[in-house]
Amino acid sequence: FYFCGQTLFNRRVAIIAVILLLGSQSVGFFIFGRPMLGEVPALGFFLAGWLVWNQAVRHNRSWLVLLAGLLFGLAMVTKSYYVIMVSGTIGFLAVSDWVFYRQHRFKYLVLLDAGALACYVLWLGWQWMYFGANVFALNLEKLRQMASASSGFNRQWFGDAIKLLIGPGANYFYFFLGFISLLYMIPLGLRRTREAFLLVFVWLFTVLWLAYFIFWILPIPRYLLPAAALTSLFVAKLVYDLASGFAATSRDLWQAFRGYLAGHSELPPMALISLGTLVGLTSFALLTGYTFQRTVRTDVLDKVGIQTESVLTPPQLEVPQQIADYLNQHIGRDKVIETWERELGILTDHNYHYPDQLMLAKIDSALYQGGDPNYSLGAEYFSSVRPSYVIVGWFARLYRVYDIAFLNSNGRVIASFGDGDWRYDIYQMNAY
């Protein structure tokens, strides 16, 4: 990310952008880097692909174009919505080059997209060979159902997305400079130069992703991460240019104020503009510093537990290991343990059974689309799985994966780890 900022602009802009990235709640880089989710590594593949694409354009190397396509393809494999975002960006950029920029990169752009899509198709082909046609088709259908529950135009989602963007939970999208910076990039990107052509790639991708977040996908923070992360580059550029402009006029500002206080002259308009810039930059720096230390305090040091429902990982990171130790000491590996918390399957070798991932589609449908709220797994499910134990963690509790009333009447809690809603309860079932 730093090298992208340095390549697009300069080293100082890159440093500012990294600070904004790490401290922004609209990105949540620290908290989303913890769980086994694809948002952070997919962004890493995309940034690496853009850096290689930059070198390909500068040095006219076809093999670098293919390497960039491979990296973009890895981003697509990691998170499938990069298929739409990357291909859409390349398509818009190809049209822009054809009618405006005249950089004569159309063939390179076609090769870039073809390489990325080929990587994604090969990944699908490997799955088809590994799982077989029937299981592969079943998995695709599950993905389709999950996607349909979390995407599509919805007026309520549109309002919620706007509220999230400009709300305090996202630091008002870089204290409202996020939107201004995107507009500020337009004149910088309208120059018919190679540098502007490279800049527009990142700008188009960011704008497309923001539109995708606002109009089409569930308005939850992790879907905003790529666009919010890249916007920090543009905010950093805007802040740097404002600071540079103020530095160039600061001497005249102090002279104008001395003349005004002595009664020798009136304040010129530029002096007021410079003063406003100084106040704005100082306020932005203070707010950024505050949010950065708060983010480190909560998401890194766990000093203050975040209690919002959108958080995807609990603050007590030692609890799963405590559960693993308990299971190793007290529960045999021949017993079936039902749980949603898949991290336990990494920590011990017990016989776990997990609910189908389609449960996510039912949860999303009930929460956001007015679907059936009675989706919790109860008597019928447990009679088929017949677990000896059930472990209910924070996610299963928050989104009612299991029928807690059924568990309480057909089992008992034999151990609990963690505090409050973040705790893990271990049930021993009576009937099984």
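Some words on the side chain of Asp425
1) Next: Mapped onto the secondary structure, Asp425 falls in strand β5 (residues 424–429).
2) Next: Only 3.0 Å separates the side chain of Asp425 from the side chain of Arg397, close enough to count as a polar contact.
3) Next: A distance of 3.1 Å separates the side chain of Asp425 from the side chain of Arg423, its partner in a polar contact.
4) Next: Beyond its immediate chain neighbours, meaning those up to four positions away, Asp425 contacts Val390, Ile391, Val392, Arg397, Val413, Ala415 and Ser416.

A closer look at the packing of aromatic side chains
1) Next: The tally for this structure, following the rule as stated, stands at 34 aromatic pairs.
2) Next: For the pair Phe46 and Phe201, a centre-to-centre distance of 6.3 Å together with 35 degrees between the ring planes defines the contact as tilted. Of the two residues, Phe46 is situated in helix α4 (residues 39–59) and Phe201 in helix α12 (residues 194–215); the sequence distance between them amounts to 155 residues.
3) Next: By relative accessible area, Phe201 is classed as buried at 0%.
4) Next: Here Trp394 and Phe395 contribute two aromatic rings whose centre-to-centre distance is 5.9 Å and whose plane-to-plane angle is 85 degrees, an arrangement assigned as edge-to-face. The pair formed by Trp394 and Phe395 is uniform in burial state, with each residue classed as buried.
5) Next: A connected cluster of aromatic rings, assembled from ring pairs, spans Phe46, Trp53, Phe72, Tyr81, Tyr82, Phe201, Phe205, Trp209, Tyr212 and Tyr223.
6) Next: The side chain of Arg192 reaches across the aromatic face of Phe100, ending 4.2 Å from its centre.
7) Next: The positively charged end of Arg342 is found above the aromatic ring belonging to Trp340, 4.9 Å away from the centroid.

Comments concerning the pattern of salt bridges
1) Next: For the structure on display, the rule yields nine salt bridges.
2) Next: Put simply, Glu195 and Arg58 hold a salt bridge, and the shortest N to O gap is 3.7 Å. Residue Glu195 is located in helix α12, and its partner Arg58 is located in helix α4; the two are separated by 137 residues in the primary sequence.
3) Next: On the basis of relative accessible area, Glu195 is assigned to the partly exposed category, the value being 40%.
4) Next: Two residues, Lys142 and Asp356, come together in a salt bridge whose shortest N-O distance is 2.7 Å. Note that Lys142 is positioned in helix α8 (residues 133–150) and Asp356 in the loop between β2 (351–353) and α17 (359–368), a separation of 214 residues in sequence.
5) Next: On the basis of relative accessibility, which here comes to 22%, the residue Lys142 falls in the partly exposed class.
6) Next: On the basis of relative accessible area, Asp356 is assigned to the partly exposed category, the value being 37%.
7) Next: One salt-bridge network, in which partners are shared between bridges, spans Glu39, Lys79 and Arg222.

A short note on the confidence of the model for the protein chain
1) Next: This prediction gives the protein chain a mean pLDDT of 89; 92% of its residues lie at or above 70.
2) Next: Counting interchain partners and residues more than four positions distant, the pLDDT-below-50 stretch residues 305–314 has 26 contacts.

Brief notes about α4
1) Next: Taking 1.5 Å per residue as the helical rise, α4 with its 21 residues ought to reach 30 Å, and the 31 Å between its terminal C-alpha atoms agrees with that figure.
2) Next: Among the residues trailing α4, Asn60 stands out with phi positive, at a value near 55 degrees.

Quick look at the pairing of β5
1) Next: A large share of β5 lies buried, amounting to five of its six residues.
2) Next: Taken together, the four bridges between strand β3 (residues 389–392) and β5 define a ladder with antiparallel strand orientation. Opposite Ile391, over in β5, you have Ile426 as the bridge partner.
3) Next: Where strand β4 (residues 411–417) lies against β5, six bridges are found, and the strand directions are antiparallel. Across the sheet, residue Arg412 finds its bridge partner in β5, namely Gln428.
4) Next: Hairpin remark: β4 followed by β5, antiparallel, with six residues in the connecting loop; positive phi at Gly418, about 95 degrees.

Some points on the sheet that holds β5
1) Next: With respect to topology, five strands assemble into an open sheet ordered β2-β1-β3-β5-β4, the strand pairing being mixed. The two strands at the open ends of the sheet, each matched to only one other strand, are β2 and β4. Geometrically, the sheet is characterised by an average inter-axis angle of 25 degrees between neighbouring strands, direction not taken into account.

A few points about the packing of helix α6 (residues 81–101) against α12
1) Next: Taken N-terminus to C-terminus, the directions of α6 and α12 make an angle of 135 degrees; their axes are 9 Å apart at the nearest point. Between α6 and α12, the angle falls in the class oblique. Between α6 and α12 lies a crossing whose hand is right-handed. Note on element contacts: α12 touches α6 through Ala196, Phe197, Val200, Phe201, Leu204, Phe205, Leu208, Trp209 and Tyr212, opposite Tyr81, Tyr82, Met85, Val86, Gly88, Thr89, Ile90, Phe92, Leu93, Asp97 and Tyr101.
2) Next: Classifying every residue of the contact of α6 with α12 by side-chain character gives 17 nonpolar, two polar and one charged.

Calculation criteria
Sequence order as written defines the numbering, with residues in each chain counted from 1. Residue-level local features of this predicted model are given only where pLDDT is at least 70; pairs of side-chain atoms are given and counted only at 80 or more, and the full residue set underlies all totals for whole chains, interfaces and linings. As a convention, hydrogens and water are excluded, and side-chain values are obtained from all of the structure's heavy atoms. Under the scheme used here, helices are H or I runs from DSSP no shorter than 4 residues and strands are E runs no shorter than 2 residues, and both carry numbers assigned from the N terminus. A 3.5 Å cut-off defines polar contacts: any pair of N or O atoms within that distance qualifies, except that in protein one atom must be a possible hydrogen donor and the other a possible acceptor, and neighbouring residues in sequence count only when both atoms are side-chain atoms. We call two residues in contact when some of their heavy atoms are within 4.5 Å. Pairing of aromatic side chains here covers Phe, Tyr and the six-membered ring of Trp, requires ring centres within 6.5 Å, and sorts the geometry by plane angle: under 30 degrees stacked, over 60 edge-to-face, intermediate tilted. Summary of the burial criterion: residues with accessible area below 20% of their type's maximum are buried, those above 50% are exposed, and those between are partly exposed, where the area comes from a 1.4 Å probe applied to protein chains only. For a Lys NZ or an Arg CZ to count as sitting over a ring, it must be within 6 Å of the ring centre and within 35 degrees of the ring normal. Every case where a carboxyl oxygen of Asp or Glu lies within 4 Å of a side-chain nitrogen of Lys or Arg is listed as a salt bridge. Scored from 0 to 100, pLDDT records how confident the predictor is in each individual residue. A helix is expected to span 1.5 Å for every residue after the first. Any two strands are treated as partners once DSSP identifies two or more bridges connecting them. Fitted lines through C-alpha atoms serve as axes, helices being fitted only where they are in contact, and the angles separating the N-to-C directions of these axes extend from 0 to 180 degrees. Note on terminology: angles under 35 degrees are roughly parallel, angles over 145 are roughly antiparallel, angles of 65 to 115 are roughly perpendicular, and the others are oblique. Helix crossings fall into two classes, left-handed where the near helix is turned counterclockwise from the far one by less than a right angle and right-handed where it is turned clockwise. The nonpolar class holds Ala, Val, Leu, Ile, Met, Phe, Trp, Tyr, Cys and Pro. Asp, Glu, Lys and Arg form the charged class, and all remaining residues, Gly among them, are polar.

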